[in-house]
Amino acid sequence: MIIPIRCFTCGALIADKYEEFVKKVKEGENPGKVLDKMGIKRYCCRRILLSNVDIIESTIPYFEVMAKRHAEFESEQL
Ligand SMILES: [Zn+2]
């Protein structure tokens, strides 16, 4: 997958950290802790690495739960 060389928002270099990040996440480490250890602290940079297509499966369950809760909320309104 092609990752931006620099963060769109702050311009920090992120492409050099991408391969190490994906490798560690695929080995089962917590993505947030991997980013902390690598020194990527700003959320503008974190979202680029967290939302890449190689590990998006770990983020999708969150959106499925949010959609379910939204549907429940909508049905209570009627
Ligand atoms: Zn950034």
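What this report covers is the structure whose coordinates are included nearby.

Brief notes about the coordination of the zinc ion
Next, step 1: Those donors, C7 (SG), C10 (SG), C44 (SG) and C45 (SG), are the protein atoms that reach the zinc ion, and they lie 2.3 Å from it.
Next, step 2: Because the angles between the four donor atoms bound to the zinc ion fall within 98 to 118°, the donor set is best described as tetrahedral.
Next, step 3: For the zinc ion, the donor residues sit on a single chain with the sequence spacing C-x2-C-x33-C-C. Highlighted residues: C7 in the segment before α1 (15–26) and C44 in helix α3 (residues 43–50), separated in sequence by 37 residues. In this structure, C7 and C44 share a single accessibility class: buried.

Comments concerning the environment of R47
Next, step 1: As for its position among the elements, R47 is in helix α3.
Next, step 2: Classification of R47 as partly exposed rests on a relative accessible area of 38%.
Next, step 3: Spatially, the C-alpha atoms of R47 and H70 are 23 Å apart, while their sequence positions differ by 23 residues.
Next, step 4: Once residues within four sequence positions are removed from consideration, R47 is found in contact with F8 and T9.

Criteria and thresholds
Residues numbered from 1 in each chain as written. Predicted model: local features only at pLDDT ≥ 70, side-chain atom pairs only at ≥ 80, totals over all residues. Heavy atoms only, no water. Donors = N, O, S within 2.8 Å, 3.2 Å for Na, K, Ca; no water. Tetrahedral: all angles 85-135°; square planar, octahedral: opposite > 155°, others 65-115°. Helix = DSSP H or I, 4+ residues; strand = E, 2+ residues; numbered from the N terminus. Buried < 20%, exposed > 50% of the residue type's maximum accessible area, 1.4 Å probe, protein only. Contact = heavy atoms within 4.5 Å.

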